[in-house]
Amino acid sequence: MLTIGRDIVDAIVAHARRDHPDEACGIVAGAIGSDQPVRHVPMDNAERSPTFYRFDSTEQLRVWTQMDDRDEEPIVIYHSHTATEAYPSRTDVDIAGYPDSHYLLVSTRDPETAEIRSFRIVDRKVTEEPVRIVDASVDPAAVTTYMFGQSPTTVDYECSA
Amino acid sequence: MAIEVRIPTILRSYTGGAKSVEGAGDTLADLLADLDTRHAGLRGRLVTDQGALHRFVNVYINDEDVRFLGALDAKLKDGDTVTVLPAVAGGAFAIAAAAALAGSR
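Keep in mind the model is a prediction, meaning the values are calculated, not measured. (Residues numbered from 1 in each chain as written. Chains lettered and ligands numbered in written order. Predicted model: local features only at pLDDT ≥ 70, side-chain atom pairs only at ≥ 80, totals over all residues. Heavy atoms only, no water.)

### Describing the packing of aromatic side chains
- One pass over the full model with this rule turns up 4 aromatic pairs over all chains.
- Within the aromatic cluster, the residues linked to one another by ring pairs are Tyr53(A), Phe55(A), Trp64(A) and Tyr98(A). (Phe/Tyr/Trp six-rings, centres within 6.5 Å; stacked < 30°, edge-to-face > 60°.)

Here you go:
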């Protein structure tokens, strides 16, 4: 399961809409081992293409070095599909080199509703996982202190697979 | 001649889990051959059977992508740091192409 703040999802969808019809891509970094994506980094699509994306290699090194310095890792690697569903293509699977990351796909083919799905891609095997979007306005500390026994506002997207 | 080579998570099975290893060589090709003597199989993940750098692996010497430095012929000197990062790439092309060929969409 991927748990991610609504503000970050909104920023990712906004990025995908902005770059539409080209594919948009980026990462969300978080502390190593935390599984918590907290720092959104939109990246350039060096291909500037509606059917392909690639992180610019120089930008990638800069962002990866920055993560190293901050003891972070790419918790989420995202990109958009602009005319097809939010499911990893064979190209995505063949190239996927980060087995510890959540691969988040956004489809912008519908101008009104963004489709968001998350996958693990390990040894060319794709496993879909639920996405739990947490309202960032609910402070987790406040939940335990003042709202004990209640859940923060969440939306669970069911796997269709 | 010692060159530090930083290894990404996905390739650490070749280095006994080490995040970085040391190697030697005047060029990137020499360095990878040297590394392969101690970390068998690592070179094969970076270089194709045709002897070119794999398209979806980024290799940097210090801060520069080796594709701008002559790829496998890129020169190395003592104290350089080589960083290996899997490229992040993909896209809908294959699925669209397959669908077009199948005439299903």
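There's more to say after this.
### Some details on unusual backbone geometry
Residues and elements named next belong to chain A.
- The residue after His20, namely Pro21, is reached through a cis peptide bond having omega 10°.
- A positive phi angle is found at Asp35, which is not glycine, with a value near 60°.
- With respect to the element layout, Asp35 can be found in the loop between strand S2 (25-31) and strand S3 (39-43).
- The backbone of Asp123 sits at a positive phi, close to 50°, despite the residue not being glycine.
- For Asp123, the location among the structural elements is in the loop between strand S7 (115-122) and strand S8 (125-129). (Helix = DSSP H or I, 4+ residues; strand = E, 2+ residues; numbered from the N terminus.)

### Remarks on the environment of Val57(B)
Residues and elements named next belong to chain B.
- Tracing the backbone through its elements, the reader meets Val57 in strand S3 (residues 57-61).
- For Val57 and Val47, which are 10 residues apart along the polypeptide, the C-alpha to C-alpha distance reads 9.0 Å.
- The residues contacting Val57, other than those within four sequence positions of it, are Arg45, Leu46, Arg67, Val84, Leu85 and Ala87. (Contact = heavy atoms within 4.5 Å.)

### Quick notes on the nonpolar core
- Core analysis: the largest hydrophobic core is formed by 23 residues, its most contacted members being Ile27(A), Phe55(A), Val63(A), Trp64(A), Ile77(A), Tyr98(A) and Val88(B).
- Residue assignment for this core shows that the elements contributing at least two residues are S2, S3, helix H2 (57-69), strand S6 (102-107) and S7 of chain A.
- Element by element, the count of residues in this core is highest for H2(A), at 4 residues.
- With residues near it in sequence (within four places) discarded, Ile77(A) still touches Gly26(A), Ile27(A), Phe55(A), Tyr98(A), Ser101(A), His102(A), Tyr103(A), Leu104(A) and Val88(B). (Core = buried A, V, L, I, M, F, W, Y, C linked by side-chain atoms within 4.5 Å. Buried < 20%, exposed > 50% of the residue type's maximum accessible area, 1.4 Å probe, protein only.)

### Quick word on the pattern of salt bridges
- In the structure shown here, the tally under the stated rule is 15 salt bridges over all chains.
- Three or more residues joined by partner-sharing salt bridges are found here, namely Glu85(A), Arg109(A), Glu115(A), Arg117(A) and Glu128(A). (Salt bridge = Lys/Arg side-chain N within 4 Å of Asp/Glu carboxyl O.)

### With respect to the interface of chain A and chain B
- Taken together, the 25 residues of chain A in the interface contact 25 residues of chain B.
- Interface area, chain A with chain B, both sides summed: about 2,300 Å², of which 59% is carbon and sulfur.
- Area buried by chain A at its contact with chain B is led by Arg54(A), Leu61(A) and Ile95(A), which between them contribute 27% of it.
- For Arg6(B), the salt bridge is made with Asp68(A), and the minimal N-O distance between the two is 2.4 Å.
- Here chain A is connected to chain B by 13 residue pairs in polar contact (both at pLDDT 80 or more).
- Those elements that provide at least two residues to the side of chain A that touches chain B are strand S4 (53-54), H2, strand S5 (72-81) and helix H3 (90-95) of chain A.
- Element by element, the count of residues in the side of chain A that touches chain B is highest for H2(A), at 6 residues.
- Counted by class, the side of chain A that touches chain B contains 9 nonpolar, 10 polar and 6 charged residues. (Buried area = accessible area lost by both parts, 1.4 Å probe. Polar contact = N/O pair within 3.5 Å; in protein donor to acceptor, adjacent residues only side chain to side chain. Nonpolar A, V, L, I, M, F, W, Y, C, P; charged D, E, K, R; others polar.)

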